[in-house]
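Spelled out from the first residue to the last, the chains are:
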Amino acid sequence: MDLSQFNDKQLAILKQFRETVRDCQLPNSEDAYLARWLIARDFDLTKAEKMLRNSLEWRRRYKIDSLREDFKPPDVLRKYFSAGFVGQDKLQSPLWITRYGKSDMKGILRSSKKKDFVMYVVYLVETSIWRVMSDPQKYKRSPGAIVQTTIIFDLEDMSMQHITNKQAVDAAIKIIQIYEANYPECLSRVFVINAPKIFSIGYPILKPFIHERTRNKIKIFGHDSKQWKAAILAEVNPEELPVCYGGTMTDADGNPNCISTVNMGGEVPKSYYFSGKPDTSNKKSLTITSGSKEHLEFKVDHPGDVLKWNFHCEDSDICFAVYRKRDNELIPIVPHEKIDCQMSAEEGEINCDETGVYVVEFDNNFSYLRSKKIWYSIKVESFSSKMENGNHYDSL
């Protein structure tokens, strides 16, 4: 994909789009960056602007621009989630391999928080984008090229745990939603290979969250290696591809799997697992009956004060949100989201730019049969105290 392929009308819309969003602080000022949003919304200027502004707000809220420096991936993710950069495709776009089938998702999500797993994937995406921006001569075949990524998604050894584990499915959906909303037209091709029969159960769960434009870039293959190797080699040169996928690349010691760049996943040792239940000391308890919600109010007296929370739910999940009260209206501050927090506490904080009453919501409306018991510690801390105590990474 290249800006040289745009017709006069599209180029005029691109120029108008740049003028429309001139007040925005963009992470990338190139025309190719702005073009992604227009393409994703079929050159509908209003829809593209809304999509871009929503994404910039997401980047601001979760400090995405400093993610590569600030985020410290948990050791279990670096060692046992199999994903890595290996080379380029024939269009000079980055080539990534994910051995999802060999990744013990149940063990990973018993050893790390779902938000950390999701953020680790965002971290990998941002690293790939940074790699391209740092060396445009290597990855851009022309000045107007819209660089995309090719991914080999290997499902060898995929089992029912990848499909039936609720946290793994929820995390996959969350990642898809984030990618679709914030990284438009960053994908060139996805080769799903070694797909077992059970993939036909899992894919329909995810499919509704994948935009049709993205679905058209996905090629799915079973275990016929001759077939999928030929398809991959049509788009990737052999020297850019590990031997195990039909190329000529090996590790220095001759390993055909190139485990120095993409680990082999494997079962997560139980020593990584969260131990027992989260601590309840210095926390209050709150029972939320099925089909109901509870609101807790906190007064903020000074702009810049910090609202901090730490909570967990006994044996299940709960929906969480934060609002600011304005007359009889609740203004969303932290979006409503279902949180899996029975294995580890959910922690987070927000800077309160305005004074007034902030409302923390625990929502059990989605549960028709079960009450939920929450253990929580929520407080307002002055900004000066926060600076003395150090910063915490925003929660997802």
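First things first, this report covers the structure right here in the doc.

Notes on the packing of helix α3 (residues 45–61) against helix α10 (residues 166–182)
- Where α3 meets α10, the axes come as close as 9 Å, and the angle between the chain directions of the two elements is 125°. By the angle between their axes, α3 is oblique relative to α10. In this structure, α3 contributes Met-51, Ser-55 and Trp-58 to the contact, and α10 contributes Ile-178, Glu-180, Ala-181 and Asn-182.
- The class makeup of the residues in the contact of α3 with α10 is four nonpolar, two polar and one charged.

Here we look at the sheet that holds strand β13 (residues 372–381)
- Strand order across the open sheet formed by four strands is β6-β13-β8-β11, with antiparallel pairing between neighbours. Taken across any chain shown, the strands that pair with only one partner, and hence form the sheet edges, are β6 (284–288) and β11 (346–352). Neighbour-to-neighbour, the strand axes of the sheet open up by a mean angle of 30°, direction not taken into account.

A word on empty space enclosed by the protein
- If you walk through the whole model with that rule in mind, you get two cavities of 30 Å³ or more.
- Along its surface, the largest cavity is lined by 19 residues, and Lys-113, Lys-114, Lys-115, Asp-340 and Glu-346 are the ones closest to its centre.
- Of all elements in the fold, only α7 (114–134), α10 and β10 (329–340) reach the threshold of two or more residues within the lining of the largest cavity.
- Split into classes, the residues belonging to the lining of the largest cavity amount to eight nonpolar, four polar and seven charged.
- One number sums up the size of the second largest cavity: a volume of about 50 Å³.
- Along the walls of the second largest cavity sit Val-118, Val-121, Val-122, Val-125, Ile-175, Ile-178, Tyr-179 and Tyr-183, which together make up its complete lining.

Thoughts on the sheet that holds strand β12 (residues 356–363)
- Strand order in this open sheet of four strands is β7-β12-β9-β10, and the pairing throughout is antiparallel. Taken across any chain shown, the strands that pair with only one partner, and hence form the sheet edges, are β7 (293–300) and β10. Across this sheet, the average inter-strand angle for adjacent strands is 20°, counted without regard to direction.
- Direction of pairing for strand β9 (residues 317–326) relative to β12: antiparallel, over a ladder of six bridges. Each bridged residue has a counterpart across the sheet, and for Cys-319 the counterpart in β12 is Asp-363.
- Across the sheet, α10 touches β9 and β10, and the angle it forms with β10 is around 135°.

Some details on the environment of Gly-247
- Residue position: Gly-247 is located in the loop between α13 (225–233) and β6.
- The exposure class of Gly-247 is buried, given its relative accessible area of 12%.
- Non-local contacts of Gly-247, meaning those with residues more than four positions away in its chain, are made with Pro-238, Leu-241 and Pro-242.

What about α10?
- Taking 1.5 Å per residue, 17 residues should reach 24 Å; α10 reaches 24 Å between its end C-alpha atoms and fits that length.
- When α10 is considered as a whole, its buried residues turn out to be Gln-167, Ala-168, Val-169, Ala-171, Ala-172, Ile-173, Ile-175, Ile-176, Ile-178, Glu-180 and Asn-182.
- For α10, the side-chain oxygen to backbone nitrogen distance between the N-cap and Gln-167 is 3.2 Å, and the N-cap itself is Asn-165.

Some words on the pairing of strand β1 (residues 83–88)
- With six of its six residues buried, β1 lies for the most part within the structure.
- Sheet analysis places β1 next to strand β2 (residues 94–98), joined by five bridges and oriented antiparallel. Bridge pairing in β2 links Ala-83 to Thr-98.
- Here β1 hands over to β2 after five residues, with Gln-92 in that stretch at a positive phi of 75°.

Quick notes on the rules
Residues numbered from 1 in each chain as written. Predicted model: local features only at pLDDT ≥ 70, side-chain atom pairs only at ≥ 80, totals over all residues. Heavy atoms only, no water. Axes fitted to C-alpha atoms, helices over the stretch in contact; angles between N-to-C directions. Helix = DSSP H or I, 4+ residues; strand = E, 2+ residues; numbered from the N terminus. Parallel < 35°, antiparallel > 145°, perpendicular 65-115°, else oblique. Contact = heavy atoms within 4.5 Å. Nonpolar A, V, L, I, M, F, W, Y, C, P; charged D, E, K, R; others polar. Pairing = 2+ DSSP bridges. 1 Å grid on protein atoms, 1.4 Å probe; cavity = no way out; pocket = protein on both sides within 12 Å on 5 of 7 lines; lining within 4 Å. Points joined across faces, edges and corners; volume = space filled by probe spheres on them. Buried < 20%, exposed > 50% of the residue type's maximum accessible area, 1.4 Å probe, protein only. Expected span 1.5 Å × (residues − 1). Polar contact = N/O pair within 3.5 Å; in protein donor to acceptor, adjacent residues only side chain to side chain.

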